[in-house]
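Structure assessment
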Amino acid sequence: MTPKETVAARHREPSSRADFTIEQDWSAYSAEEHEIWRTLFRRQEALLKGRACAEFLAGVGELGVAADAIPDFRMLNAVLERRTRWSVVAVPGLVPDAIFFEHLANRRFPSTCFIRRRDQLDYLQEPDVFHDLFGHVPMLTNPVFADYMQAYGEGGLKALRLGALDRLARLYWYTVEFGLIETEAGLRIYGSGIVSSKGESVYCLEDPRPNRLGFDLLRIMRTRYRIDDFQESYFVIRGFEELFEATRPDFTPYYLELARLPDLEPGEVLSTDRVLHRGRGP
Ligand code: PHE
Ligand code: CO
């Protein structure tokens with residue numbers, strides 16, 4: 001390992017703790033790593049004006065998740081804990097489902113702390129600190145969304161017990177990661193997977209290929225998703241209250257009903273869908 005790799009590897013070391021957390025070790029980031037953050041931040045900041053929803057943009061402002069450097073989790077938490085009683089904890093990468101849900105249910109967002117390399121600016125298959133902090137944390141300053149994320153964590157623990165995790169994971173995918181919202185000014189982005197992606201932040205709103213369909217809880221839980229390409233369908237909420245209210249009931253009977261229904265393909269459109277835009281297809 002070269003000395004540079006040693007520093008980067010420090011942010012991916014496995015945890016020895018039961019909750020999989022590690023220390024962010026902020027002082028170990030190199031100048032090049034901060035520079036990569038700056039490049040990503042400036043690019044998305046410019047793209048997201050008029051594309052991301054007001055709640056997201058307000059969150060970025062409130063956190064002072066600034067352009068200049070990879071944020072120190074301790075500084076973010078000072079703001080976040082006061083605002084919505086959430087905090088960010090460092091993890092080396094993806095963690096087991098039960099651990100992930102346990103963190104969310106306790107209002108802790110598990111975030112990676114390593115940053116992608118310069119040759120991965122446009123696309124990375126796994127989450128890094130730019131996706132996790134810039135993508136997810138600003139929305140956690142919104143009180144309704146913050147409560148939704150906690151409820152999702154509790155729902156995740158239940159889905160695990162009921163063997164329904166595949167279904168519930170689709171809801172996370174099509175809302176938290178790839179959700180759109182209808183506003184008076186037009187469609188806007190709130191999904192983390194979109195706001196942290198240069199290509200998809202334009203594609204999801206402006207490209208004729210993908211479907212844009214009204215949010216429908218059970219329908220979403222039947223819909224498969226693509227993890228290796230831009231989405232073929234986006235689901236649009238009318239507001240964060242709609243999301244929170246629709247997901248408030250106990251999902252146990254929903255899971256029973258879903259077990260009898262076939263899965264839907266990512267690009268499929270049903271006669272019962274509220275179609276905002278019918279995609280031309282890939
Ligand atoms: N109400 C859901 C349940 O009982 C939990 C949940 C809340 C799931 C919010 C997703 C989002 O399982
Ligand atoms: Co994510």
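Description of the structure in this document. (Residues numbered from 1 in each chain as written. Chains lettered and ligands numbered in written order. Predicted model: local features only at pLDDT ≥ 70, side-chain atom pairs only at ≥ 80, totals over all residues. Heavy atoms only, no water.)

Here we look at the side chain of Arg219
As for its placement among the helices and strands, Arg219 is situated in helix 11 (residues 217-221). Only 2.8 Å separates the side chain of Arg219 from the backbone oxygen of Glu268, close enough to count as a polar contact. The contact partners of Arg219, leaving out residues within four places of it in the chain, are Leu213, Phe235, Leu264, Glu268, Val269, Leu270 and Asp273. (Helix = DSSP H or I, 4+ residues; strand = E, 2+ residues; numbered from the N terminus. Polar contact = N/O pair within 3.5 Å; in protein donor to acceptor, adjacent residues only side chain to side chain. Contact = heavy atoms within 4.5 Å.)

Here we look at the environment of Arg12
By the secondary structure assignment, Arg12 is in the loop between helix 1 (3-10) and helix 2 (31-48). A relative accessible area of 35% means that Arg12 is categorised as partly exposed. When the C-alpha positions of Arg12 and Glu177 are compared, they lie 23 Å apart, and in sequence the two are 165 residues distant. Excluding its chain neighbours within four sequence positions, the residues that come into contact with Arg12 are Pro92, Phe114 and Glu126. A polar contact of 2.9 Å, which involves the side chain of Arg12, links it to the side chain of Glu126. (Buried < 20%, exposed > 50% of the residue type's maximum accessible area, 1.4 Å probe, protein only.)

Things to note about the coordination of the cobalt ion (ligand 2)
Note on the cobalt ion (ligand 2): its protein donors are His131 (NE2), His136 (NE2) and Glu177 (OE). The metal-donor distances range over 2.0 to 2.1 Å. Along the chain, the residues that donate to the cobalt ion (ligand 2) are spaced as H-x4-H-x40-E. (Donors = N, O, S within 2.8 Å, 3.2 Å for Na, K, Ca; no water.)

Looking at the sheet that holds strand 3 (residues 180-183)
The strand order across the open sheet built from five strands is 4-3-6-5-7, with neighbouring strands paired in mixed fashion. Two strands lie at the open edges of the sheet, namely strand 4 (186-189) and strand 7 (275-277), each paired on one side alone. For this sheet the average axis-to-axis angle between neighbouring strands, irrespective of direction, equals 35°. Bridge analysis of strand 5 (residues 211-214) against strand 6 (residues 233-237) gives four bridges, and the strand direction is parallel. Across the sheet, residue Arg212 finds its bridge partner in strand 6, namely Tyr234. (Pairing = 2+ DSSP bridges. Axes fitted to C-alpha atoms, helices over the stretch in contact; angles between N-to-C directions.)

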